[in-house]
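Listed below, chain by chain, are the residues.
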Amino acid sequence: MKNKGLIFVISAPSGTGKTTVINQFLLNHKKDFVVSVSVTTRQPRKGEIDGKDYYFFTKDKFKEYVKTGKFLEYAPVLDNFYGTLKETVKKSVNAGKNVIMDIDVQGAMKIKFKIRDCVTIFLLPPSFSELARRLKNRRTDTPEAVVKRLALAKKELKERVKYDYIIVNKDLNKATENLEELFESIYKLERFKRNRP
Ligand code: ADP
Ligand code: 5GP
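The notes below deal with the structure included here.

What counts as what
- Residues numbered from 1 in each chain as written.
- Chains lettered and ligands numbered in written order.
- Predicted model: local features only at pLDDT ≥ 70, side-chain atom pairs only at ≥ 80, totals over all residues.
- Heavy atoms only, no water.
- Helix = DSSP H or I, 4+ residues; strand = E, 2+ residues; numbered from the N terminus.
- Rg over C-alpha atoms; globule rule 2.2 N^0.38 Å.
- Contact = heavy atoms within 4.5 Å.
- Areas by Shrake-Rupley, 256 points an atom, 1.4 Å probe, with all protein chains shown as cover.
- Lys, Arg positive; Asp, Glu negative; His and termini not counted.
- Charge placed at Lys NZ, Arg CZ, Asp CG, Glu CD.
- Expected span 1.5 Å × (residues − 1).
- Buried < 20%, exposed > 50% of the residue type's maximum accessible area, 1.4 Å probe, protein only.
- Near = heavy atom within 4 Å.
- Polar contact = N/O pair within 3.5 Å; in protein donor to acceptor, adjacent residues only side chain to side chain.
- Nonpolar A, V, L, I, M, F, W, Y, C, P; charged D, E, K, R; others polar.
- Pairing = 2+ DSSP bridges.
- Axes fitted to C-alpha atoms, helices over the stretch in contact; angles between N-to-C directions.
- Arc of directions from axis to C-beta.

1. Some details on the overall build of the chain
- Counting secondary structure elements, the chain contains seven helices and nine strands.
- Rg of the C-alpha trace for the chain: 17 Å, near the compact-globule value of 16 Å for 197 residues, within the 12% margin.
- For the chain, the spread of C-alpha atoms along the principal axes amounts to about 55 × 40 × 30 Å.
- Taking the intrachain contacts of the chain between residues at least 6 apart in sequence as the baseline, contacts between residues at least 24 apart amount to 69%.
- With an accessible surface of roughly 11800 Å², the chain has 55% of that area assigned to carbon and sulfur atoms.
- For the chain, the distance from the average site of its 41 positive side-chain charges to the average site of its 24 negative ones is 2 Å.

2. Some points on helix H6 (residues 143–158)
- Between its terminal C-alpha atoms H6 stretches 24 Å, which fits the 22 Å expected from 16 residues at 1.5 Å a residue.
- Looking at H6, one finds that the buried residues are Val146, Arg149, Leu150, Ala153, Glu156 and Leu157.
- Where the residues of H6 are buried, they touch strand E6 (80–85), helix H4 (105–114), strand E8 (119–124) and helix H5 (128–138).

3. Description of the site of ligand 1
- Around ligand 1 sit 14 residues, and of these Gly15, Lys18, Thr19, Thr20 and Arg138 come closest.
- In the model, an oxygen atom of ligand 1 is placed 2.5 Å from a nitrogen or oxygen of the Thr20 side chain.
- Here Asn169 contributes a side-chain N or O atom positioned 2.9 Å from a nitrogen atom of ligand 1.
- In isolation ligand 1 offers 570 Å² of accessible surface; the protein chains occlude 76% of this area.
- At the level of secondary structure, the elements contributing two or more residues to the shell around ligand 1 comprise helix H1 (18–26) and H5.
- Tallied by class, residues from the shell around ligand 1 come to two nonpolar, seven polar and five charged.

4. Topic: the sheet that holds strand E4 (residues 55–56)
- Pairing within the open sheet is mixed, and its four strands lie in the order E4-E3-E6-E5. A single partner strand is all that each edge strand has here, and the edge strands are E4 and strand E5 (71–77).
- Of the pairings in the sheet, the one linking strand E3 (residues 39–40) to E6 comprises two bridges and is antiparallel in character. Considered in E6, the bridge of Thr40 is made with Tyr82.
- Where helix H3 (residues 86–94) meets the sheet, it contacts E5 and E6, and its direction lies at approximately 30° from that of E6.

5. As for the site of ligand 2
- Neighbouring ligand 2 are 18 residues; Ser38, Arg42, Tyr54, Glu73 and Tyr82 lie closest to it.
- The side chain of Tyr54 places a nitrogen or oxygen atom 2.6 Å from an oxygen atom of ligand 2.
- Take Arg149: an N or O atom from its side chain is 2.9 Å from an oxygen atom of ligand 2.
- For ligand 2, whose unbound accessible area comes to 510 Å², protein coverage reaches 95%.

6. Here we look at unusual backbone geometry
- Here Leu78, not a glycine, exhibits a phi torsion of approximately 50°, which is positive.
- Structurally, the position occupied by Leu78 is in the loop between E5 and E6.
- Taking the relative accessible area as the measure of exposure, Leu78 reaches 33% and is therefore partly exposed.
- With phi around 55°, Arg139 is a residue other than glycine that occupies positive phi space.

7. Things to note about H4
- Considered for burial, the residues of H4 that qualify are Val105, Gly107, Ala108 and Ile111. Buried residues of H4, seen end-on, are gathered within an arc of 160° and therefore sit on one face of the element.
- Where the residues of H4 are buried, they touch strand E1 (7–11), E5, strand E7 (98–102), E8 and H6.

Next comes the structure, spelled out in structure tokens:
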């Protein structure tokens, strides 16, 4: 029988580079890893594709899915709701794929509570000023939204102590390499655990 995939939860303040690091990692690991596509009620950014970057739901449809118990976790982030569908994770894990979940701090703690053997990773920006620079340069948010995201970032950064591992995203290649090394080590450890009689 195929081994079930592992679950890796990655959080970071918006603008740190989660999407960039994960995408770079996936270039060489698409065979064994998938990123769980979340649902959001926020508007798509330029270039974002429904079903690939997010499932873009209306607030009513989101509420309906909450009511019918379709979410493994969901949380309000800034002025919108974000959530992970049970079905998305179940399908991949059962197919033996390792699942990377790019979710906020509230969601990460809910997953840790429900799935004890998941691995939580906090991606840290090199400094607050660099985070602000990245968020502004990305040009996907209005100046008001950037201010809100940075205010939230201050709170989120304090939560990093709750995570199993921390990786600093200063140099993109180095951060991706660190993520690769971490996944490889955990994978090896899990193999030993699962081989236990
Ligand atoms: P997140 O998914 O955490 O919100 P993104 O992946 O969208 O962040 O990255 C935010 C911005 O920072 C993007 O413009 C991206 O190109 C840039 N970026 C990501 N990682 C680095 C890095 N190591 N050094 C410099 N810029 C980076
Ligand atoms: P963004 O709007 O920049 O794509 O995401 C904003 C925040 O929502 C990020 O911190 C991201 O990790 C988080 N997020 C994305 N998907 C989910 C999800 O399914 N659940 C939770 N709880 N947070 C999510």
